[in-house]
Amino acid sequence: MQYLGIDWAYRRAAWCAKSEGGKVTEEGFFPADEDGLAKLVLKLGPEVRACVEMMSGAVWVRDRLQAAGWEVQVADARKVKGLAPLACKTDKVDARVLAELCRRDLVPVVWLPTLDDRALRERLKRRMHLVRMRTMARNRIHGVLTQWGLKVPARRLRQPDGLALLEARGVPQVWRRSVAEALAVIDWLDGRLAPLERELRPLARADPRVELLETIPGIGALLGLTIATEIGDIARFASARKLVGYAGLAPKIKQSGQSSRTGPLSKAGSKTLRWAAVEAAQHAWRETNPWHELYRDVAKRKGKTNAGKAAVARKVLIASWHVLTREEPFKPCCRHGDTNPVPASSHFHLAA
């Protein structure tokens, strides 16, 4: 049995093979494509246990090598760095580290969804990309109008007399043209989003997890489907804190002795899940939202509304963990004898 570590890159991949005793038997580089993988398989034979770090294309590499009879594991890159911090980090050294972890059976394996789940994730990511582009166009309109002291909703501008309104308000033609281009982009994106959302809505209605997630304020059918698909099996997360960390919404913490310092959000983990949680927090400013007080307090203390949205996004994921784990709809916890929900920033736990 040989133990192989592969450090995959865009143009070439480094590999290192070790024996059961830990001796490096062979190593080198090969083209990072299917032909390169085929040549490596022919060179080493079928008796191989391999490890590759998680990156774009890692699942494809695993599938191709498993089809050749290899046993392949995909490692969490951040945990590999924690297990084996390196003073000299090169592709060759990384491949040796992965081979050694594979030989010692210490690979921090990443959970990978099925092919069907990956296909659904890709469709939801496509929607996320289009929605973010639409938001950028709307922000572009807002930025152009603020140069002339105007605050006109995009919905009003999309009416037949929208651009005439800007002309009447004294906006020059060059800036009106910029607004018109952004409005055209929004219309085009709406046309691309509509059929995609029609395809996804039946899938959302058929998923019992989405029905539970929709009881959480700010989560609709498609956001619920996005969150449910990105989470996968909720049993993967032992606590709500683990889920928040997986989404990258937990702040960085540096401790040394008696001192402890909190930094910005880690933003490590699922970008799509983080985006969905923040989208659900967009309406936290409403007084009917159970986390309105939390949003207002954090935004006032930090001086930024984004900080308040991040705090509410964490609460959304905490509530998501509770409703999915207990399989019960969302219900804010109340103080004894009080019919109004307590602020989400209190020490009371959420009851799902």
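To start, this report covers the structure provided alongside it. Because the structure is a prediction, the values reported are computed rather than measured. (Residues numbered from 1 in each chain as written. Predicted model: local features only at pLDDT ≥ 70, side-chain atom pairs only at ≥ 80, totals over all residues. Heavy atoms only, no water.)

## What about the pattern of salt bridges?
For step 1, the next point in the chain: Counting across every chain of the model gives 21 salt bridges.
For step 2, the next point in the chain: As a salt-bridge pair, Arg62 and Asp63 come within 2.8 Å of each other at their nearest N and O atoms.
For step 3, the next point in the chain: Under the relative-accessibility criterion, Asp63 is labelled partly exposed at 29%.
For step 4, the next point in the chain: A salt bridge links Arg158 to Asp187; the shortest N-O distance between them is 2.6 Å. Pair noted here: Arg158 is in the loop between α6 (154–157) and α7 (162–168) and Asp187 is in helix α8 (residues 173–205), with a separation of 29 residues, a long-range link.
For step 5, the next point in the chain: We classify Asp187 as partly exposed; its relative accessible area is 42%.
For step 6, the next point in the chain: Three or more residues are tied together by salt bridges with common partners; here these are Lys18, Glu100, Arg103 and Arg104. (Salt bridge = Lys/Arg side-chain N within 4 Å of Asp/Glu carboxyl O. Buried < 20%, exposed > 50% of the residue type's maximum accessible area, 1.4 Å probe, protein only. Helix = DSSP H or I, 4+ residues; strand = E, 2+ residues; numbered from the N terminus.)

## What about the layout of surface pockets?
For step 1, the next point in the chain: Roughly 1,600 Å³ of volume is contained in the largest pocket.
For step 2, the next point in the chain: Of all the secondary-structure elements, those providing two or more residues to the lining of the largest pocket are α5 (115–146), α6, α12 (271–280) and α14 (305–326).
For step 3, the next point in the chain: Per-element accounting of the lining of the largest pocket gives the leading share, 12 residues, to α5.
For step 4, the next point in the chain: The class makeup of the residues in the lining of the largest pocket is 17 nonpolar, 7 polar and 12 charged.
For step 5, the next point in the chain: In this structure, the second largest pocket occupies an estimated 1,300 Å³ of space. (1 Å grid on protein atoms, 1.4 Å probe; cavity = no way out; pocket = protein on both sides within 12 Å on 5 of 7 lines; lining within 4 Å. Points joined across faces, edges and corners; volume = space filled by probe spheres on them. Nonpolar A, V, L, I, M, F, W, Y, C, P; charged D, E, K, R; others polar.)

## Here we look at the pairing of strand β1 (residues 2–8)
For step 1, the next point in the chain: Taking burial as the measure, the 7 residues of β1 include 7 buried ones, the bulk of the element.
For step 2, the next point in the chain: Bridge count for β1 against strand β4 (residues 48–53) is 5 bridges, and the pairing is parallel. The partner of Tyr3 across the bridge, within β4, is Arg49.
For step 3, the next point in the chain: Two strands pair when backbone bridges link them, and β1 and strand β2 (residues 12–18) are joined in this way by 6 bridges, in the antiparallel orientation. (Pairing = 2+ DSSP bridges.)

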